[in-house]
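Breakdown of the fold
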Amino acid sequence: MAATIASQSSAALTFGLVARCSTTRARASCLTLPHGPVQLPMFMPVATQASLKGLTPEQLEETGCRLCLNNTYHLGLKPGQEVLAAIGGAHKLQGWQHNILTDSGGFQMVSLLKLASITEEGVRFLSPHDATPMLLTPEHSISLQNTIGSDIMMQLDDVLVTTSPDAARMRGGHAAKLLQGDDRQRSPGIAIGGLSGGEAKADYCRVVATCTELLPELKPRYVMGIGYPEDLVVSVALGADMFDCVWPTRTARFGNAVTRKIVAVYAAEGETEGLGITRAFVHHNTAKETVSAHLLTLHNVWYQLNLMGEVRDAIIADRYPAFIRQFFANLYPNKADYPEWAVGALRGVGVDLFEDRT
Ligand SMILES: *[C@@H]1O[C@H](CO)[C@@H](O)[C@H](O)[C@H]1NC(C)=O
């Protein structure tokens, strides 16, 4: 394991800095949590609900995942707090030996439930099961996450910073603690939220860059709800460490494999990267058998985790700028197709995508 160059511990976690990119703001680090260490930058898989087409804990473990995200809201509804308490938490419930991060539950309230309203007290909404009025307060959210036994909890908070009215609407329940001076000092990590509500990517990058510039160095920075492979590569360059997104597992259920580009397996031929089975087999079963959705989920999670492993290696070897240029060159054979937001954001941290050097 790589040696740390600086570290900071709190009761909940130890953050050890392993390497800094000498050009961008990327860092490689190690986060020590109650269920073992995790290497950052990292992507955390999230399946919105334990489902047949998802992965077994063994399969998730085999992808190298050591920290996954579970939804407080879903677990609170089913199996519910009482059952969770009786079983002894979500690790036992699903036979998962490694770390779990839970969200506050706020995102589901705001995004899934039309009839949610946010007050100083909490989030009011109607139960999707029987329409009884319910209230999620910050206290209840933490109590639920305690019962779940999560290794990293998110606090229910209101959005403090927005880049567009849309972002505020879509992610109103999420924590954006970066401007809370007190919390920034006390909390062992920082979550940047409210950003994947459909705002322009250039705005997204500007907010992440502004945050990472202000945030203390020896705390993990988690950007919620990101993302596509290119979003991950750019966000790491801007100084972010942790990400989650339902997209890789969700798109698998629709028959899509994530490679550098998304491949609709209906149309694809050849071998599926890293899986040792033919695309033809997956194609043969797509939309007919759950086995295909299952294999694609496995593949997509593996792809994202492997990408982050390569990113981390490149940072440690201090060749991240070259890695980024190569990544974009592979993704867009024609440089004219490079997205403007990525070109601009990377230029801001010293990487010129049009430079020929690799
Ligand atoms: C927890 O998250 C993992 C990763 O997405 C998923 O496979 C698992 O089914 C989730 N568990 C529950 C109980 O939601």
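This structure is a prediction, so every number in the text was calculated from the model and none was measured.

Calculation rules
Residues numbered from 1 in each chain as written. Predicted model: local features only at pLDDT ≥ 70, side-chain atom pairs only at ≥ 80, totals over all residues. Heavy atoms only, no water. pLDDT = per-residue confidence, 0-100. Contact = heavy atoms within 4.5 Å. Pairing = 2+ DSSP bridges. Helix = DSSP H or I, 4+ residues; strand = E, 2+ residues; numbered from the N terminus. Axes fitted to C-alpha atoms, helices over the stretch in contact; angles between N-to-C directions. Disulfide = S-S within 2.5 Å. Phe/Tyr/Trp six-rings, centres within 6.5 Å; stacked < 30°, edge-to-face > 60°. Buried < 20%, exposed > 50% of the residue type's maximum accessible area, 1.4 Å probe, protein only. Parallel < 35°, antiparallel > 145°, perpendicular 65-115°, else oblique. Left-handed = near helix turned anticlockwise from the far one by under 90°. Nonpolar A, V, L, I, M, F, W, Y, C, P; charged D, E, K, R; others polar. Near = heavy atom within 4 Å. Polar contact = N/O pair within 3.5 Å; in protein donor to acceptor, adjacent residues only side chain to side chain. Areas by Shrake-Rupley, 256 points an atom, 1.4 Å probe, with all protein chains shown as cover.

Here's the deal with the confidence of the model for the protein
Here the protein averages 81 in pLDDT, while 77% of its residues score no lower than 70. Across residues 160–184 the pLDDT falls below 50, and counting only partners more than four positions away or on other chains, this stretch makes 67 contacts in the model. Low pLDDT (under 50) marks residues 266–271, which in the prediction has 15 contacts with non-local residues, meaning those over four places away or in another chain.

Concerning the sheet that holds strand 12 (residues 190–192)
One open sheet accounts for four strands, arranged 5-14-13-12; its pairing is parallel. Either end of the sheet is taken by a strand with one partner, and the two such strands are strand 5 (42–45) and strand 12. Neighbouring strand axes in the sheet, compared pairwise and without regard to direction, differ in orientation by 25° on average. Sheet topology places strand 12 next to strand 13 (residues 221–223); three bridges connect them, and they run parallel. By the bridge assignment, Ala191 is partnered in strand 13 with Tyr222. In the packing of helix 12 (residues 290–316) onto the sheet, the strands contacted are strand 5 and strand 14 (242–245), and the crossing angle to strand 5 comes to about 160°.

Notes on the pairing of strand 1 (residues 6–9)
Inspection of the sheet shows strand 1 paired to strand 2 (residues 14–20) by four bridges, in the antiparallel sense. Each bridged residue has a counterpart across the sheet, and for Ser9 the counterpart in strand 2 is Thr14. A loop of four residues connects strand 1 with strand 2, the two strands running antiparallel in sequence.

Some details on the state of the cysteines
What is meant by a disulfide is a covalent connection between two cysteines, made through their sulfur atoms. Taken as a whole, this structure holds zero disulfides when the rule is applied. Note on Cys65: no disulfide assigned, nearest cysteine sulfur contributed by Cys68 at a separation of 5.3 Å.

A few points about the packing of aromatic side chains
Evaluation of the coordinates by the stated rule reveals eight aromatic pairs. Residues Tyr228 and Trp247 carry aromatic rings whose centres are separated by 4.6 Å and whose planes lie at 80° to one another, so their mutual orientation is edge-to-face. Taken together, the residues span a long stretch of sequence, with Tyr228 in the loop between strand 13 and helix 9 (229–237) and Trp247 in helix 10 (residues 247–253) at a distance of 19 residues. The class for Tyr228 is partly exposed, based on a relative accessible area of 38%. According to the relative accessible area criterion, Trp247 is buried, its value standing at 14%. Consider the rings of Phe323 and Phe327, whose centres lie 6.5 Å apart with planes at 15°: the pair is stacked. Pair noted here: Phe323 and Phe327 are both in helix 13 (residues 320–331), with a separation of four residues, about one helical turn. With relative accessibility at 13%, the residue Phe323 sits in the buried group. Phe327 sits in the buried class, given a relative accessible area of 5%. Taken together through their ring pairs, the aromatic side chains of Tyr320, Phe323, Phe327, Phe328, Tyr332, Tyr338 and Phe354 make up a single cluster.

Observations concerning the packing of helix 9 against helix 13
Close contact between helix 9 and helix 13 brings their axes to 11 Å; oriented N to C, the two are set at 160°. Accordingly, the angle class assigned to the pair helix 9 and helix 13 is roughly antiparallel. For the crossing formed where helix 9 meets helix 13, the hand is left-handed. Mapping the contact onto sequence places Pro229, Glu230, Val233, Val234, Val236 and Ala237 in helix 9 and Tyr320, Phe323, Ile324, Phe327, Phe328 and Leu331 in helix 13. Each residue belonging to the contact of helix 9 with helix 13 can be placed in one class, and the counts come to eleven nonpolar, no polar and one charged.

Section: the site of the ligand
If you check the shell around the ligand, you find eleven residues, and the closest are Val46, Ala47, Leu69, Asn70 and Gln94. Between an oxygen atom of the ligand and a side-chain N or O atom of Asn70, the distance comes to 2.2 Å. One nitrogen or oxygen atom from the side chain of Gln94 is found 2.6 Å from a nitrogen atom belonging to the ligand. Considering the ligand on its own, with 360 Å² of exposed area, one finds that the protein chains cover 89% of that surface. The element contributing the most residues to the shell around the ligand is strand 6 (residues 67–70), with three residues.

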